[in-house]
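Coordinate inspection notes
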Amino acid sequence: MKHKYLSNVSTLEYNTERCRSCGRCTEVCPHGVFAIEEKKAIVIAKDSCMECGACALNCPAGAIEVKAGVGCAYAIILSWFSGKEPTCGCADEDNDVCCG
Amino acid sequence: MSEEKFCCGFAGCCAAPKIPVVSTSLTAQDILGAWKVRFGIGRMDYTVEPGLYSIGQPDNASPVLVSANYKLTFDTLRKNLCALDCWLLILDTKGVNVWCAAGKGTFGTEELLYRIEKSELAEIVTHRRLILPQLGASGVNSNEILRRCGFSVIFGPVRADDIQKFIACGYTADQEMRIVKFTMRDRLVLTPLELVTAAKISLMVFGVLFLINLFAARPFGMRDFLAYTAAVLIGTVITPVLLPFIPGKAFAFKGWLVGILGTALIIWAYGWFSTPFLLLGLGYMLALPVHSAFLAMNFTGSSTYTSPSGVLKEMKIALPLIILSLLSGLVLILIKTLGG
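Everything quoted here is computed from the prediction, not taken from an experiment.

Let's talk about the interface of chain B and chain A
By a widespread convention, an interface's size corresponds to the accessible area lost as its parts come together. Taken together, the contact pairs 55 residues of chain B with 45 residues of chain A. Roughly 4400 Å² is buried in total at the junction of chain B and chain A, and carbon and sulfur atoms are behind 61% of that figure. Sorting the residues of chain B by area buried against chain A places Lys249, Tyr305 and Pro308 of chain B first, and these three jointly supply 15% of that buried surface. At the surface where chain B touches chain A, the tally comes to 0 salt bridges. Mapped by element, the contributors of at least two residues to the side of chain B that touches chain A are helix H3 (98-104), helix H6 (142-149), strand S7 (152-155), helix H8 (175-178), helix H9 (184-213), helix H12 (278-298) and helix H13 (308-339) of chain B.

Here it is, written out as structure tokens:
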């Protein structure tokens, strides 16, 4: 059964003009957000985007922008107290919760 | 490294004569170790030494696979590499899995460049290809790796059990291999840790209830304990396991929905919807389902598909409601407890 999270929230922005058709975005996206059509990448499932940032980091043309981060409520709560960006706290010495 | 259980000798190679050979079968100890970390025991110290390893009898043309130094990751990878001859380059991710480490940047461009140089990989293999797990892509800039050290990055499949197929297909992955799943089994193995974490916090709750009991006209008892425990189980186990089958999209809503059904059933069975227990019953109806909701919301961190923008939106709506409902519930419960 396919998981669905909130719609219309992703900060993903893609500029088709810049695309060099390498297909890297379709390779790295873990949720099939991109596809190649007529030798250009297109966004086919923006609501599946989890903002991991893999596409933007690996696009050689700088055609993709996304505000990447961790989709973790606990990390976000911690960041409100620490005043820092939310990060996955798994490896911090005083913090033993979250991802396995 | 020679005393490590997964190590079964050293590879003889012209440039690097002492590269540990790794076994592709797991021992009972490896399996026990995996169970322990699933319950949060020794989880922060479950690592292997970063560096280069070999599987089978690799030569200078054999593929190089890159992974993290979380032992659970390392074990999952090597057990899927039987009958293969390849090199394993293990990055220092501080004992964190590939995806989380990529998010943190420890499975990252700089660490990969450093390990390539330190292991003298360029002397050991004649080709210039690295196979990275696809989920490492949020930490590693493949263009920069190529530019700075001449190795080209091939992003392999998401799951280690597809690697043999990926290599056999000439380093190509089909769409199925590229998509992250979150099956019931995947979710189930994550729930013990959720439960252990919630249990630790619950000990503090029990401490407070014990203190209140010293002054209570109606002390908390086994029935209260069971209702509370059910709410914790709903938030940490039942909601995560049944996740896609529960209506709604927000995790907090899913947890609240199962929570209100579960709590209502228990309160009804106790007969707490009628006087003189109505105040208590209503108090629990307000306080417990939102507790399940909060715990379920924290499962977003373990899920494989929630975006930070989405989680933030969910929290901005859910948190004020959770706090309001929890506080009003607690007031009603305290009135009954202290007033009798």
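More follows now that the structure is in view.
Re the side chain of Arg24 of chain A
Following the sequence through the fold, Arg24 of chain A ends up in helix H1 (residues 24-28). The exposure class of Arg24 of chain A is buried, given its relative accessible area of 14%. The contacts of Arg24 of chain A, once residues within four sequence positions are left out, are Asn58 of chain A together with Ser142, Val153 and Phe155 of chain B.

Details of the pattern of salt bridges
All names here are of chain B. One pass over the structure, following the stated rule, counts 13 salt bridges over all chains. Ionic pairing is found between Arg78 and Asp75, a salt bridge with its closest N-O pair at 2.9 Å. You can see Arg78 and its partner Asp75 sitting in helix H2 (residues 71-79), 3 residues apart, about one turn around the helix. Accessibility classification places Arg78 together with Asp75 in one group, the buried group. By sharing partners, the salt bridges in this structure join Asp30, Lys71, Asp75 and Arg78 into a single network.

A closer look at the environment of Cys100 of chain B
Residue and element names in this part refer to chain B. Along the polypeptide, Cys100 turns up in helix H3. Its relative accessible area of 13% is what places Cys100 among the buried residues. C-alpha separation for the pair Cys100 and Leu135, spaced 35 residues apart in sequence, amounts to 8.9 Å.

The rules we used
- Residues numbered from 1 in each chain as written.
- Chains lettered and ligands numbered in written order.
- Predicted model: local features only at pLDDT ≥ 70, side-chain atom pairs only at ≥ 80, totals over all residues.
- Heavy atoms only, no water.
- Contact = heavy atoms within 4.5 Å.
- Buried area = accessible area lost by both parts, 1.4 Å probe.
- Salt bridge = Lys/Arg side-chain N within 4 Å of Asp/Glu carboxyl O.
- Helix = DSSP H or I, 4+ residues; strand = E, 2+ residues; numbered from the N terminus.
- Buried < 20%, exposed > 50% of the residue type's maximum accessible area, 1.4 Å probe, protein only.

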